Amino acid sequence: MKRVKQTKGNWQYLLNPMEVSLLKDLLKKFPFTGDIPAKITKTDTNSNAAEREKLLNESLVEHRQALKRQAMGLLSAGKFKKTGQEYLFTLTSGEREILLQILNDIRIGCWVSLGKPESLELPTATHSALEIAQHSLMNLAGYFEHHLIDQE
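S.K.: How would you sum up the nonpolar core? Please name residues and give values.
M.R.: Counting residues in each nonpolar core, the largest one holds 28 residues, and the members touching the most others are L15, L99 and I102. Take this core: its biggest share by element is seven residues, from helix α3 (residues 93–113). Beyond its immediate sequence surroundings of up to four residues, I102 is in contact with L27, F30, L67, A71 and L74.

S.K.: So what about the sheet that holds strand β2 (residues 10–15)? Which residues, and what values?
M.R.: One key point about sheets: their strands pair by backbone hydrogen bonds, in either a parallel or an antiparallel sense. Taken together, the four strands give an open sheet; going across it, the order is β1-β2-β4-β3, and neighbouring strands pair in antiparallel fashion. Of all the strands in the sheet, the pair left with one neighbour each is β1 (2–7) and β3 (80–83). Between one strand axis and the next, the sheet turns by 25° as a mean value, whatever way the strands run. Alignment of β2 against strand β4 (residues 86–92), held across six bridges, turns out to be antiparallel. Pairing of N10 across the sheet is with T92, part of β4. Helix α1 (residues 17–29) contacts β2, β3 and β4 of the sheet and is inclined by roughly 120° relative to β2.

S.K.: Please provide a residue-by-residue account of unusual backbone geometry, values included.
M.R.: If a residue is not glycine, its phi is most likely negative; likewise, a peptide bond is most likely trans. With omega at 0°, the peptide bond leading from F30 into P31 counts as cis. Mapping P31 onto the fold places it in the loop between α1 and α2 (47–74). Positioned with a positive phi, K116 is a non-glycine residue whose angle comes to about 55°.

S.K.: Which residues make up the environment of A141, and what values do they have?
M.R.: Considering the arrangement of structural elements, one finds A141 in helix α4 (residues 129–149). A141 sits in the buried class, given a relative accessible area of 0%. When the C-alpha positions of A141 and G94 are compared, they lie 18 Å apart, and in sequence the two are 47 residues distant. Not counting residues within four places of it along the chain, the set of residues in contact with A141 comprises L103, I106 and R107.

S.K.: So what's going on with the packing of α1 against α2? Residues and values would help.
M.R.: Close contact between α1 and α2 brings their axes to 8 Å; oriented N to C, the two are set at 145°. Considering the relative orientation of α1 and α2, their crossing is left-handed. On the side of α1, the interface is formed by L27, K28 and K29, while α2 contributes K68, A71, M72 and L74. Residues belonging to the contact of α1 with α2 are distributed by class as follows: four nonpolar, no polar and three charged.

Reading the values: rules and limits
- Residues numbered from 1 in each chain as written.
- Predicted model: local features only at pLDDT ≥ 70, side-chain atom pairs only at ≥ 80, totals over all residues.
- Heavy atoms only, no water.
- Core = buried A, V, L, I, M, F, W, Y, C linked by side-chain atoms within 4.5 Å.
- Buried < 20%, exposed > 50% of the residue type's maximum accessible area, 1.4 Å probe, protein only.
- Helix = DSSP H or I, 4+ residues; strand = E, 2+ residues; numbered from the N terminus.
- Contact = heavy atoms within 4.5 Å.
- Pairing = 2+ DSSP bridges.
- Axes fitted to C-alpha atoms, helices over the stretch in contact; angles between N-to-C directions.
- Left-handed = near helix turned anticlockwise from the far one by under 90°.
- Nonpolar A, V, L, I, M, F, W, Y, C, P; charged D, E, K, R; others polar.

If you want it as structure tokens, here you go:
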């Protein structure tokens, strides 16, 4: 994946067929992990804190549902145009930000599901198929995030 053009409000990336397939699968199957409840504070015992936390978590669920709908929009016709052996992927600035949010959700969700490991390397010890899949998804989302933001 390589950024080939940036104009005011538009971004274009060149992807190979494997990258297109992987990115489309990430978008189609998003989200990969369950909702992660947020904790506002560990020390606030005020009765209003629980209500604020509940509202925050409801808002996070709604935001994730909106991201799911927006992921489907990124799969719409015309986003991936075949140009020879590769594909031109065109995003508006807003769509790019949405894609970054989706990829971050995948990456962080998998990291949390794995127990928030300090090392991002998968140790050589025996792991379940789910742990291996989450580790792979975390790295794949990171790959696309890197290419979306690294060339700024």
